[in-house]
Amino acid sequence: MISKRDVASVPPESKRNEEPSELLRELVAHLRQNRTQLREEWVVRISETRLLTAMTKEEIFAEATSVYDSYVEALETEAFEALQAYARNLSERIIPRGVETHEVVGIVLLLRDVLARSLFAKYQNDFKKLNRILDAYEPAANRIANTVAVGFVQERERVIRQQQEAIRELSTPVLQVRERLLILPIIGVIDPQRARQLTEQLLRGIRTNRAKVVVIDITGVAAMDVTVANHLVQTVEASRLLGATVIVTGLSPEIAQTLVTIGVDLGKMNTVGDLQGGIEQAERLLGYKVATLAEQS
Amino acid sequence: MVGEIRVAINSDQDIVSARQKGRVVANELGFSSGDATLIATAISELARNIVSYARKGQITIKKVNGHNREGIAVIAADEGPGIADIRQALRDGFSTSGSLGLGLPGVRRLMDEFEITSQPGKGTTVAVKKWRQ
Amino acid sequence: MEVPILKQGAFLIATFQAALSDADLNQLRMGLVQQVVKFRSRAVIVDVTAMDVMDSFASRTLREIAHMIRLRGAETVIVGIQPEVAFAMVQLGLTLEGVATALDLEEGLAYLNEKFKVTN
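For clarity, every value in this text was computed on a predicted model and none was experimentally measured. (Residues numbered from 1 in each chain as written. Chains lettered and ligands numbered in written order. Predicted model: local features only at pLDDT ≥ 70, side-chain atom pairs only at ≥ 80, totals over all residues. Heavy atoms only, no water.)

**Description of the overall build of chain B**
Within chain B one finds four helices and five strands. Traced from its N-terminal end to its C-terminal end, chain B shows the element sequence β-α-α-β-β-α-α-β-β. Taking 14 Å as the expected radius of gyration for a compact globule of 133 residues, we find that chain B reaches 14 Å, a close match to that expectation. With respect to the three principal axes, the spread of C-alpha positions in chain B is 40 × 25 × 25 Å. Looking at chain B residue by residue over its 133 residues, the buried ones come to 50%. Restricting the contact set of chain B to residue pairs at least 6 apart, pairs at least 24 apart contribute 59%. Counting only carbon and sulfur atoms, one obtains 45% of the accessible surface of chain B, whose full area is about 6,500 Å². Taking the average location of the 18 positive side-chain charges in chain B and that of its 14 negative ones, the two points are 1 Å from each other. (Helix = DSSP H or I, 4+ residues; strand = E, 2+ residues; numbered from the N terminus. Rg over C-alpha atoms; globule rule 2.2 N^0.38 Å. Buried < 20%, exposed > 50% of the residue type's maximum accessible area, 1.4 Å probe, protein only. Contact = heavy atoms within 4.5 Å. Areas by Shrake-Rupley, 256 points an atom, 1.4 Å probe, with all protein chains shown as cover. Lys, Arg positive; Asp, Glu negative; His and termini not counted. Charge placed at Lys NZ, Arg CZ, Asp CG, Glu CD.)

**With respect to the interface of chain B and chain C**
On the chain C side, the residues contacting the 22 residues of chain B number 20 residues. With both chains or domains summed, chain B and chain C bury close to 1,800 Å², and 54% of this area falls on carbon and sulfur atoms. Seen at the junction of chain B and chain C, the total is four salt bridges. One salt bridge in this structure joins Arg48 of chain B and Asp55 of chain C, with 2.2 Å as the shortest N-O distance. The tally of links between chain B and chain C comes to nine residue pairs in polar contact (both at pLDDT 80 or more). Put simply, the parts of the chain that give the side of chain B that touches chain C at least two residues each are helix H1 (12-28), helix H2 (33-54) and helix H4 (104-110) of chain B. Top element by residues in the side of chain B that touches chain C is H2 of chain B. It accounts for nine residues. A breakdown of the residues in the side of chain B that touches chain C according to their chemical character gives seven nonpolar, nine polar and six charged. (Buried area = accessible area lost by both parts, 1.4 Å probe. Salt bridge = Lys/Arg side-chain N within 4 Å of Asp/Glu carboxyl O. Polar contact = N/O pair within 3.5 Å; in protein donor to acceptor, adjacent residues only side chain to side chain. Nonpolar A, V, L, I, M, F, W, Y, C, P; charged D, E, K, R; others polar.)

**Side note on the pattern of salt bridges**
The tally for this structure, following the rule as stated, stands at 28 salt bridges over all chains. By sharing partners, the salt bridges in this structure join Arg180, Arg210 and Lys212 of chain A together with Asp104, Glu106 and Glu107 of chain C into a single network.

Next up, the structure:
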């Protein structure tokens, strides 16, 4: 919210004249009167500056109209909620189209510029008045630019977080291969956040599927340092607290060597060379007997 | 949620009520139930330290705002004997009473931020934070 | 808060109702050991399904219960640890090492029945 103090930062001698709010009213009236022309000028400046290239002319014009009106409204009411909501909504629509942060900031600054120039033109013969008008206009205009930019960046961050979440979900599938047997193939890089999500998903999976044995296959894990190894140990321990046994497969000799060197206690882990061997051991633990059909008959 | 919640810690009963209040606040702030469990567990450990080492103290639970994010802060303050060697107290396995130890390294792992100030003879304040994902 | 201890054949089942104070836990520890002696039970199941926080004290008490009961020649199974609680426990380094665990009461009973080949 813009404070009254900001708006009131006008030179003392002007107090005899109009109040800042009166100046803003006059300003808003001017911007409403010249809406068509100023908006047109702004759109031309946008395409000249090669901003919003991902959007068509018609789209830019439609958005420009909405932004212009919200902008003037924010100046008039000094309330920014509507503009903030519009900025978020706009961001939601244009982010998937590849619109960048500098473009959004750029167009708002252009509008600020276009409007300021029209004020210069209108009050060029009354320098004192021009100064007072600009004093009233600038804090509000800066506040608007800030609101729109922050709204866009926040929306972008939200989208990124959402996508990261989706990728993580995809990258840690908990698969049930047999009754009471889960497999968790881990591929790629494990950071602390992913390690946590992976563990939580596995623990929920154990509960839902009433799993007794879990095979965690780390063949696809690129690198393992002491932090990642400790996460793995914690996952094994937490699974045991739920009554499930964990078998770790795909631990390469190099990684095993590293782990021993840095002092990770592999004794807490039940390891088997490869995934197939791990599943076979899991089946033995569950009391399954694996035999070929010929042997059975 | 209005302001902050303070829970006086004078007995082992208060440990339970402190962590229950912590969970309520964590839920209100939109933490996942997994995070709420981590927060409640951390509060339980901090409150237990107060009961075991200082006899009485206070737990304060409040919302905090960071750069573009919200979180929860828990401050455990007492006027007990204090900790002479903080660095040692933060090492896993350290204990002055032969028990499981202060549990401070564990609390540190449960939360995102951890701060401790202590003066022998004056008391100890532990302030921890967790940010919402 | 009283923790009910149920006798089922050769086993005892203690169900933690809700958040327990340290005093409750201490009382339970004594109570369980006395009952094991009294009924000559072969095993004890401690059901912690209702516990939403397991801190170092609760965890240590469970371990002590298991140790004391082992000294009486019986076994302890902890059942019903919630996934989120398990996650918090390992962060704190509380792993109940050396104590048997099972998903829930049903699994705990199945484990003990298999082990002792008892039918109830």
